[in-house]
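In case you want the letters, here they are:
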Amino acid sequence: MISKSKEYITEGPIWKSIITFMLPIMLGMFFQQLYNTVDAIVVGRYVGKEALAAVGGGTTFFINLLLGFCGGLSTGASIIISQFFGAKKFRDLCSAVHTFFILSFVMGIVVTLVGISLSEFAMNLINTPSDIYPNAVTYLKIYFLGITPMFMYNTAAGVLRATGDSKTPFYILVIGCFLNIFLDFLFVAVLNWGIAGVGYATLISIITGAVLIMIKMFTTPEVYRVELSELKANPSLLRKMFKLGVPSGLYSMMYTISNLIMMTFVNTFPTTTIAAWTAWGKLDALFWMSVSSMGMALNTFSGQNYGAKKYDRIKKGALQGLLIMYLITIALIILFRTCGRFIYGWFVPDEPQVIEMGIKIMLFLTPAFFLYVPNEILSGIIGGAGKTYISMIVTFFAICGTRMIWLYTSCRGTTDFIKVIHCYPISWLISATVFFIYYKSEKWIPKSNLAVDKTVSD
């Protein structure tokens, strides 16, 4: 007998549903970012600015490149699960969950092998400076050992969120966060393991989170319970997951590729600038985790209401989500501008040049956050309706295309770092405009034939 979960976001006040669902996601991302930030603080204080640059910058982009595509495939699966859940097609949802886990396990093994084997090549490709290169490669290889358990965690978290449970992944992330912080100080500050200590702390935390959330998936009485006897891939659902997931994966990859291209320009600047850019990435992650959590919440909101055929509710959710996110953005900009110098001091207390460069970056980019918000909001809404290819197309032309044109026509040989990062607000403005035009056309609202109208058994 399948238990029918009551965690629907197809009923009740829209703004309340969005915030209630978004907050655990955002807090979970906050704790995830907290231990990433502690990684940077511990490395900056106990190892040095070269190691700080190694755990950010190019390593982050290479990790995101591989994880982004697979994460996109997961997005496709999550959309299907949320639509089945909204349409109350629990038999098909159960089949989708088991297919999703098999897909994620296979992807995890593949990405682990590819990531480890290409670590040196990737760092050479983006012109990683020689004083950063050894630490960067070491960190990457240790990190990729945890990819398969990370995929298992993300798959389970995706299933839980798609069916309305955003709290369980949050609780597990909190446990992982504090474990990672403890191990950071133990391995680096006490045992002096250097950059490898940070990598092993992250690895152990990832494995712990995966074990905890899989216990939940195997023991829950709900519809998404994992049964070993049911672990088989449904070919029809697998095709749908790839149909929705490949565009999402390419969308994520193209964002990362544009940032990798950006990194080749960043790496032509002194290590002081690279370290400042890395530290800024830790600081502005507060904005990215907020806007990403809103996008994820609206993706599930859109998916469930799409399955329930409540299209007007989806449109109201887009507007209310946009207003909520703008209020959050204003609060974050105030926080950055009043506390930015103090926060930078956590990373590199004895590097005033790094801090000053970080402040310049912050003052330039924070107003541009307003240009990015519509991208995440509308992408989440449209993606939840199954039109994931739209985000891929917009990103290819408006994000990647714009940034490459700017960097290669205006920034060759420049010594002005602020000129280089102009590519961000320019590309955000163009992509937001295109997303808005498509959203207003309402072509994402189906005339017939929902993605979940046909059951697996048909």
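Residues numbered from 1 in each chain as written. Predicted model: local features only at pLDDT ≥ 70, side-chain atom pairs only at ≥ 80, totals over all residues. Heavy atoms only, no water.

Asks: Just give me the short version of helix α12 (residues 285-307), but keep the residues and values in it.
Replies: Its 23 residues place the ends of α12 32 Å apart at the C-alpha level, agreeing with the 33 Å of an ideal helix rising 1.5 Å per residue. K309, located one to two residues past α12, shows a positive phi value of around 65°. (Helix = DSSP H or I, 4+ residues; strand = E, 2+ residues; numbered from the N terminus. Expected span 1.5 Å × (residues − 1).)

Asks: Residues and numbers for a nonpolar patch on the surface, please.
Replies: On the surface, a cluster of nonpolar side chains totalling about 450 Å² of accessible area is made up of F105, V106, I109, V110 and L113. Looking at the element boundaries, L113 is found in helix α4 (residues 90-117). (Patch = residues over 30% accessible without salt bridge, like charges linked within 9 Å, V, L, I, M, F, W, Y side chains within 5 Å. Areas by Shrake-Rupley, 256 points an atom, 1.4 Å probe, with all protein chains shown as cover. Salt bridge = Lys/Arg side-chain N within 4 Å of Asp/Glu carboxyl O.)

Asks: Describe in detail the environment of D416, supporting the description with residues and values.
Replies: Position of D416 among the secondary structure elements: in the loop between α16 (388-410) and α17 (417-420). Residue class for D416 comes out partly exposed when judged on its relative accessible area of 37%. Sequence spacing of D416 and F269 is 147 residues, and the spatial spacing of their C-alpha atoms is 9.3 Å. A polar atom in the side chain of D416 sits 3.1 Å from the backbone nitrogen of I418. (Buried < 20%, exposed > 50% of the residue type's maximum accessible area, 1.4 Å probe, protein only. Polar contact = N/O pair within 3.5 Å; in protein donor to acceptor, adjacent residues only side chain to side chain.)

Asks: Explain the packing of α16 against helix α18 (residues 423-441) residue by residue, including any values.
Replies: Remark: α16 packs on α18, axes separated minimally by 9 Å, with the N-to-C direction vectors making an angle of 150°. When the axis of α16 is compared with that of α18, the two are roughly antiparallel. Crossing of α16 over α18 shows right-handed handedness. Residues Y389, I390, S391, V394, A398, I399, T402, R403, W406 and L407 of α16 form the contact with α18, whose participating residues are C423, Y424, I426, S427, W428, I430, S431, V434, F435 and Y438. (Axes fitted to C-alpha atoms, helices over the stretch in contact; angles between N-to-C directions. Parallel < 35°, antiparallel > 145°, perpendicular 65-115°, else oblique. Left-handed = near helix turned anticlockwise from the far one by under 90°. Contact = heavy atoms within 4.5 Å.)

Asks: Describe unusual backbone geometry, listing the residues and the values that go with them.
Replies: Even without glycine at this site, K88 takes up a positive phi of about 60°. If you trace the backbone, K88 turns up in the loop between α3 (57-86) and α4. You can call K88 exposed: its relative accessible area is 53%.

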